[in-house]
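# Residue-level structure breakdown
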Amino acid sequence: MTLDLSQLPTLGVAGALVIAVGYLLTAHHRLFEAARADRTDYLSALAAREAEHTAALSTARTTHADDLSALRIRIAELERRLAELEKTLDAERKRRREAEDREATAARAR
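Quick caveat, the model's predicted, so the values are computed rather than measured. (Residues numbered from 1 in each chain as written. Predicted model: local features only at pLDDT ≥ 70, side-chain atom pairs only at ≥ 80, totals over all residues. Heavy atoms only, no water.)

### Describing the overall build of the protein chain
Stated formally: Comment: elements are numbered from the N terminus, with helices defined as DSSP H or I runs of at least four residues and strands as E runs of at least two. In this setup the radius of gyration rests on C-alpha atoms only. A globule is expected at 2.2 Å times the number of residues raised to 0.38. The buried label goes to any residue with under 20% of its type's maximum accessible area, the exposed label to any with over 50%, and the partly exposed label to all in between, with areas taken from a 1.4 Å probe on protein chains only. We get accessible surface area from the Shrake-Rupley algorithm with a probe of 1.4 Å; when it comes to residues, only the shown protein chains can shield them.
Secondary structure assignment for the protein chain yields 1 helix and 0 strands. Taken over the C-alpha trace, the protein chain has a radius of gyration of 46 Å; the compact-globule value for 110 residues is 13 Å, which it surpasses by more than 25%. Over its C-alpha atoms, taken along the principal directions, the protein chain stretches across nearly 155 × 20 × 10 Å. Taking all 110 residues of the protein chain together, 0% fall into the buried category. In the structure as shown, the protein chain presents an accessible area of about 10,200 Å², 63% of it carried by carbon and sulfur atoms.

The structure is reproduced here in structure tokens:
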């Protein structure tokens with residue numbers, strides 16, 4: 001086989017195209033590897049943030065439940081005190097009516 005020098009420019013162009021395609025494939029591969037690494041980093045950061053968010057929600061729920069429990073206890077105490085005050089008021093009204101009735105009876109007897 002003899003080398004035909006007239007084919008040399010065509011081989012040069014084909015060689016340049018092979019080199020360019022090889023470079024583009026390598027760059028494409030590097031780009032996808034970097035994207036994969038970025039996605040892995042993103043997913044790791046997202047998972048960490050979700051864990052922090054879950055912990056914060058858990059803390060908030062616990063605090064909220066504690067606050068509700070304390071408020072229920074306080075409301076129960078206030079209801080108890082209100083019931084005592086109502087009893088005291090009812091007893092005072094009863095004593096006042098009885099006193100008014102005695103006074104009215106005494107006034108009629110005079």
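### Digging into the pattern of salt bridges
Cut-off, in case you're wondering: Basic side-chain nitrogens of Lys or Arg form a salt bridge, by our definition, when they fall within 4 Å of a carboxyl oxygen of Asp or Glu.
Counted under the stated rule, the structure contains 7 salt bridges. A salt bridge links Glu52 to Arg49, with the nearest nitrogen and oxygen atoms 3.4 Å apart. Taken together, the residues Glu52 and Arg49, both in helix α1 (residues 8-109) and 3 residues apart, mark about one turn of the helix. On the accessibility criterion, Arg49 (48% relative accessible area) is partly exposed.

### Quick look at the environment of Glu84
Tracing the backbone shows Glu84 in helix α1. Taking the relative accessible area as the measure of exposure, Glu84 reaches 42% and is therefore partly exposed. Sequence spacing of Glu84 and Leu57 is 27 residues, and the spatial spacing of their C-alpha atoms is 40 Å.

### Quick notes on the environment of Glu33
Considering the arrangement of structural elements, one finds Glu33 in helix α1. We classify Glu33 as partly exposed; its relative accessible area is 36%. Separated by 15 residues in sequence, Glu33 and Ala48 place their C-alpha atoms 23 Å apart.

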